[in-house]
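Tertiary structure, described
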Amino acid sequence: MIFTSLFETAWHALTTHRMRSFLTMLGMVIGVAAVILMLAIGQGAQAMVRGAIESMGSNLFIIMSGATTTGGARVAGGTAPTLTFDDAAAIRELPDILASAPVSPGSAQLIYGGVNWNTSVYGTTPDYAVVRDWAVDSGGFFSEADVRSGARVAVIGAVVARELFGDEDPIGRIIRIRQAPFEVIGVLAAKGQSLDGRDQDDTVMVPISSAQQKIFSGSLRNRARFIMARAVSEKSMDAAESAINELLRSRHHVGVGQDDDFTVRNLTAIAETAASTTRIMSLLLGAIAAISLVVGGIGIMNIMLVSVTERTREIGIRMAIGARRRDVLWQFLIEALTLSLIGCGIGLVLGIGGAWGVGSLTGLPVAVTSASVLMAVGVSFLIGVFFGFYPARSAAGLDPIEALRSQ
Amino acid sequence: MTHPGKPLIEVVNLEKDYPAGAGVLQALRGVSLSIAEGEFVAIMGASGSGKSTFMNLLGCLDRPTRGSYHLDGQDVSRLSSDQLAALRNREIGFVFQGFNLLPKLSALDNVALPLMYAGTGREARRRQAQAVLERVGLGERSHHTPLQLSGGQQQRVAIARALVTHPRIIFADEPTGNLDSETSRQVMDFFSQLNREEGITLVLVTHEADIAAYARRRIRFQDGRVVEDVAQAEVAA
Ligand SMILES: Nc1ncnc2c1ncn2[C@@H]1O[C@H](COP(=O)(O)OP(=O)(O)OP(=O)(O)O)[C@@H](O)[C@H]1O
Ligand SMILES: [Mg+2]
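Residues numbered from 1 in each chain as written. Chains lettered and ligands numbered in written order. Predicted model: local features only at pLDDT ≥ 70, side-chain atom pairs only at ≥ 80, totals over all residues. Heavy atoms only, no water.

Some thoughts on the overall build of chain A
Let me state the cut-off plainly: Secondary structure counts use DSSP, requiring at least four H or I residues in a row for a helix and at least two E residues in a row for a strand, with both numbered from the N terminus. Only the C-alpha atoms count toward the radius of gyration. The rule for a globule is 2.2 Å times the residue count to the power 0.38. Accessibility here uses a 1.4 Å probe with only protein chains present; expressed as a share of the type maximum, an area under 20% marks a residue as buried, one over 50% as exposed, and anything in between as partly exposed. With residues, only the protein chains shown are counted as cover, and all accessible areas are computed by Shrake-Rupley using a 1.4 Å probe. Under the convention used here, Asp and Glu are negative, Lys and Arg are positive, and both His and the chain ends fall outside the count. Here the site of a charge means atom NZ of a Lys, CZ of an Arg, CG of an Asp or CD of a Glu.
From N to C terminus, chain A includes 13 helices and 14 strands. Relative to a compact globule of 407 residues, whose C-alpha radius of gyration would be 22 Å, chain A shows 33 Å and is clearly more extended. If one aligns the C-alpha atoms of chain A with their principal axes, the spans along those axes are about 105 × 55 × 35 Å. Within chain A, the fraction of its 407 residues that count as buried is 47%. Just so you have it, chain A exposes about 18800 Å², and 60% of that area is on carbon and sulfur atoms. Counting 32 positive and 34 negative side-chain charges, chain A places the averaged centre of each group 7 Å from the other.

In structure tokens, the structure reads:
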């Protein structure tokens, strides 16, 4: 039998029961749309996490003031930082460490001309740019000499540059950070979002000495809230971690059996955990969506079974005038396939539209890949065959005489 | 008995059992007869005497429990279900008492349906179906669905469907059972014409003597056996 005739027959049968066909397809539509949307969101989330991890820098440690408690590190709010600038300098001298920078963070109001901007201020040392692998787009970073002399110079993030200066060149301009005048000497390259969702470009970096004298005047001199350090390579991470622990315990005179007054955390490991969590989350989303696709398939099977029962007499007539068993099988299989593939088509349109909508609403880099589209089409096809086969086979197996007798 | 032409249908000791409760119901108890090409046969008999059962066997819709059936010299019991389907498609036309048209399809599509299973292309199907519909006088009604046609018109559509593949035999099981006498006469005239002018072999079941009178041979069934098989003069059309 000719395939175009089969499709014509299927189309005719489906359009005779428009509402029923539509409702049957709806299961597939929702399933496919959900799969496409969930995969797109999952992929978007993974891309975002990857970007954040890349922007973080590699082989990173953060050493925080405060004890480790069971279940994680806690920095007791309000307590004085225990880490010193000298601790940071000593860590840098460790063989497995490439760079180490003390950080004194806070937030402050910036003023340039008539513009106000609230941002996070990092007091730190030139090593911070090395640790974070952070380049400057224009101008330069401040030097060790600037840190020693407490120079009032600032390196601003891309967002701050845009908000305060617009198209103007910021280099050489004077901005006020909490009223204190600082000269802008560099603009940082853009890094985008961090793992915890903050905009890393919304920042200002100044020498840590200047920050403590002019901006965070309440802070203890020569103390850092945390130190960031970078190991020379991924392989040396473990050795570096124990070396830092040992060094700081002896520098802080922590006796045997006493709790550390600092916490070393491997940021790279935390980032990897975040990445794999995201991966598992997106797999889970996809799996849940796939279940709804299977439910859609069961809906098709259900309606096809009803249809075979209703049309027993039709099947008998077709057999009497020369339909072979396989012609009847194909007729019902093609009907199921048409249902599932049209449902898939509508679902694709909705899913891609939905992904685009989610992308433009949330700014998540959602991505509908051709692989996920192909997969949705392939799975819909298989569902049509799988759930259409049983009803089709039961139709083809009917006895012509009995089928003709049925009412 | 005059049997013109060579035997097209030949059955020997045909039996058909249906399961009934613990035992079996013997619907046919050994029927032997032959029908030659070009014959016009009427089968009569009381209700339940096995006429439809016999027709279904001859029409290759069902298989006998025992006995042999040769169609055009071919042993039907040896054929696969696909071969039987092809036989029903090409050599055999059916006309039923209840018309058995597909209610959602137009007259044209109903008539074209056997051609689809014969593998004929779409355009050729429509052309041939339209031509046959014109022959049965329904050329103007080809786009009506069965529900929009009278009983007589529906039966003519069914006859057109039986004719569209140019079969050698038409089996009609009480084709006029649902029709009034005037319409019955028209249908029977058409059958006679087909038999006379095209030599199509006709086997029809009927309860009515005046319908059976159109045939040239009358076979009577009783309790699954043939009790009478006589030639008769053809009614002048
Ligand atoms: N599928 C079946 N299963 C069981 N018994 C059947 C079946 N078909 C027919 N019979 C029985 O076989 C016998 C012959 O039936 P058949 O339909 O051949 O009679 P018929 O001569 O055509 O009668 P009618 O004139 O009423 O159509 C009947 O007793 C009937 O009940
Ligand atoms: Mg009968």
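Further notes follow.
What about the pattern of salt bridges?
Where charged atoms of side chains with opposite charge meet at close range, the side chains can pair. All names here are of chain A. The condition is simple: Any Lys or Arg side-chain nitrogen located within 4 Å of an Asp or Glu carboxyl oxygen qualifies as a salt bridge.
Overall, the coordinates contain 28 salt bridges over all chains when judged by the stated rule. Of the charged contacts, one joins D260 and R249 as a salt bridge, the two residues approaching to 2.3 Å between their closest N and O atoms. Here D260 is found in the loop between α8 (237-251) and β14 (262-266), whereas its partner R249 is found in helix α8, with 11 residues between them in sequence. The residue R324 makes a salt bridge to D327 at a minimum N-O spacing of 3.2 Å. Comparing R324 with D327, the two get one shared label, buried. Among the charged side chains, a network of salt bridges with common partners joins R311, E314, R318 and E335.

Let's talk about unusual backbone geometry
In the Ramachandran plot, A:Q179 falls in the positive-phi region, its phi being about 80 degrees despite a non-glycine side chain. Topologically, A:Q179 is positioned in the loop between β9 (174-177) and β10 (180-188). Within the chain, B:N100 stands out as a residue other than glycine whose phi angle is a positive 55 degrees. With respect to the helices, strands and loops of the structure, B:N100 is situated in the loop between β6 (92-96) and α3 (107-118).

Quick look at the site of ligand 1
Counted only if it meets this: To be near a molecule or strand, a residue needs just one of its heavy atoms within 4 Å of it. Think of a polar contact as two N or O atoms within 3.5 Å of one another; within protein, one of them needs to be a possible hydrogen donor and the other a possible acceptor, and neighboring residues in sequence only count if both atoms come from side chains. Residues are grouped as follows: Ala, Val, Leu, Ile, Met, Phe, Trp, Tyr, Cys and Pro are nonpolar; Asp, Glu, Lys and Arg are charged; every other residue, Gly included, is polar.
Taken together, 14 residues are adjacent to ligand 1, and A:R405, B:S47, B:K51, B:S52 and B:T53 come closest. The site occupied by ligand 1 is bordered by residues of chains A and B. A distance of 3.0 Å separates an oxygen atom of ligand 1 from a polar atom in the side chain of B:H207. For ligand 1, the protein covers 70% of the area, taking 630 Å² as the surface of the free molecule. Elements represented by at least two residues in the shell around ligand 1 include exactly β2 (23-36) and α1 (51-58) of chain B. For the shell around ligand 1, the element with the highest residue contribution is α1(B), accounting for three residues. When its residues are assigned to classes, the shell around ligand 1 shows four nonpolar, seven polar and three charged.

Remarks on the domain arrangement of chain A
Inclusion rule: Segment limits for the domains were obtained from an automatic or database-derived domain assignment.
When the domains of chain A are assigned, the result is domain 1 (3-52 + 275-405) and domain 2 (103-223). A straight line from the C-alpha centre of domain 1 of chain A to that of domain 2 of chain A covers 56 Å.

With respect to the environment of B:T145
Structurally, B:T145 can be placed in the loop between α4 (122-135) and α5 (151-163). B:T145 sits in the partly exposed class, given a relative accessible area of 21%.

As for the nonpolar core
Selection rule: In this description, a nonpolar core means a group of buried Ala, Val, Leu, Ile, Met, Phe, Trp, Tyr and Cys residues linked to one another through side-chain atoms lying within 4.5 Å. What makes two residues a contact is simply this: any of their non-hydrogen atoms within 4.5 Å.
With 69 residues, the main nonpolar core has B:I9, B:V11, B:I43, B:F54, B:Y69, B:L71 and B:F171 as its most contacted residues. Considering each element in turn, this core owes the most residues, eight residues, to helix α11 (residues 325-362) of chain A. Not counting residues up to four positions away in its chain, the partners in contact with B:I9 are B:L33, B:S34, B:I35, B:L58, B:Y69, B:H70, B:L71, B:I169 and B:F171.

Considerations on α3(B)
Along α3(B), 10 of the 12 residues are buried, which leaves the element largely enclosed by surrounding structure. Every buried residue of α3(B) is accounted for by B:A107, B:L108, B:N110, B:V111, B:A112, B:L113, B:P114, B:L115, B:M116 and B:Y117.

What about the layout of surface pockets?
Gaps left between atoms are located by rolling a probe of water-molecule size over the structure's atoms. Where we set the bar: Residues are said to line a cavity or pocket when one of their atoms sits within 4 Å of a point; the points come from a 1 Å grid over protein atoms alone, cavities being sets where a 1.4 Å probe fits but cannot get out and pockets being open sets with protein on both sides within 12 Å along at least five of seven lines. Grid points are joined across faces, edges and corners, and a volume is the space filled by probe spheres set on the points.
Computed from the structure, the largest pocket encloses a volume of approximately 920 Å³. Along the walls of the largest pocket sit 46 residues, with A:E314, A:R318, B:L102, B:K104 and B:L105 positioned nearest its centre. Counting residues per element, the ones that place at least two in the lining of the largest pocket are α1 (3-16), α2 (18-56), α9 (267-310), α10 (312-320) and α11 of chain A together with α3 and α4 of chain B. It is α1(A) that contributes the most residues to the lining of the largest pocket, eight residues altogether. Partitioned by chemical class, the residues of the lining of the largest pocket number 17 nonpolar, 16 polar and 13 charged.

Some words on the sheet that holds β6(B)
The strands that make up a sheet pair up through hydrogen bonds in the backbone, lying either parallel or antiparallel. Residues and elements named next belong to chain B. Operational definition: Two strands pair under a simple rule: DSSP has to find at least two bridges between them. Note on geometry: axes are lines fitted to C-alpha atoms, helical ones only across the stretch in contact, with angles between N-to-C directions running from 0 to 180 degrees.
Strand order in the open sheet made by the six strands is β6-β7-β8-β3-β9-β10, with mixed pairing throughout. The sheet is open, and its two edges are formed by β6 and β10 (225-231), each paired on a single side. Direction aside, the axes of adjacent strands within the sheet are offset by 15 degrees on average. Sheet analysis places strand β9 (residues 217-222) next to β10, joined by six bridges and oriented antiparallel.

Details of the packing of aromatic side chains
Filter applied, for reference: Ring pairs shown here join Phe, Tyr and Trp side chains whose ring centres sit within 6.5 Å, with only the six-membered ring taken for Trp; geometry is labelled stacked below 30 degrees between planes, edge-to-face above 60, and tilted in between.
A complete count under the given rule lists seven aromatic pairs over all chains for this structure. Aromatic pair A:Y112 and A:F165: ring centres 4.4 Å apart, planes at 45 degrees, arrangement tilted. Here A:Y112, found in strand β5 (residues 97-112), pairs with A:F165, found in helix α6 (residues 158-165); they are 53 residues apart in sequence, far enough to count as distant. The buried category is assigned to A:Y112, whose relative accessible area is 16%. A residue is classified by how much of its surface remains accessible, and A:F165, at 5% relative accessible area, is buried. Between B:F94 and B:F96, the ring centres sit 5.7 Å apart and the planes meet at 15 degrees, which makes this aromatic pair stacked. By relative accessible area, which is 7% here, B:F94 ends up buried.

Side note on empty space enclosed by the protein
For the structure shown, the criterion picks out two cavities of 30 Å³ or more. Computed from the structure, the largest cavity encloses a volume of approximately 80 Å³. Along its surface, the largest cavity is lined by A:A320, A:I321, B:R88, B:N89, B:I92, B:G93, B:F94, B:P114, B:A158, B:R161, B:A162 and B:T165. Listing elements by their share of the lining of the largest cavity, those giving two or more residues are α2 (81-90), β6 and α5 of chain B. Across the lining of the largest cavity, the residue classes break down as seven nonpolar, three polar and two charged.

Quick notes on the interface of chain B and chain A
A common way to express how large an interface is: the accessible area buried when the components associate. Using the following cut-off: Buried surface area refers to the total accessible area, computed with a probe of radius 1.4 Å, that the two partners give up upon joining, counted for both partners together.
Between chain B and chain A, the contact holds 25 residues from the first and 24 residues from the second. Surface buried jointly by chain B and chain A totals about 2200 Å² across both partners, of which 60% is contributed by carbon and sulfur atoms. Joining chain B to chain A, the criterion identifies two salt bridges. Of the charged contacts in the structure, one is a salt bridge between A:E8 and B:R122, with a shortest N-O distance of 2.7 Å. Put simply, chain B and chain A have seven residue pairs in polar contact (both at pLDDT 80 or more) between them. Breaking the side of chain B that touches chain A down by element, the ones donating at least two residues are α2, β6, α3 and α4 of chain B. The element contributing the most residues to the side of chain B that touches chain A is α2(B), with five residues. Residues that form the side of chain B that touches chain A fall into these classes: 11 nonpolar, seven polar and seven charged.

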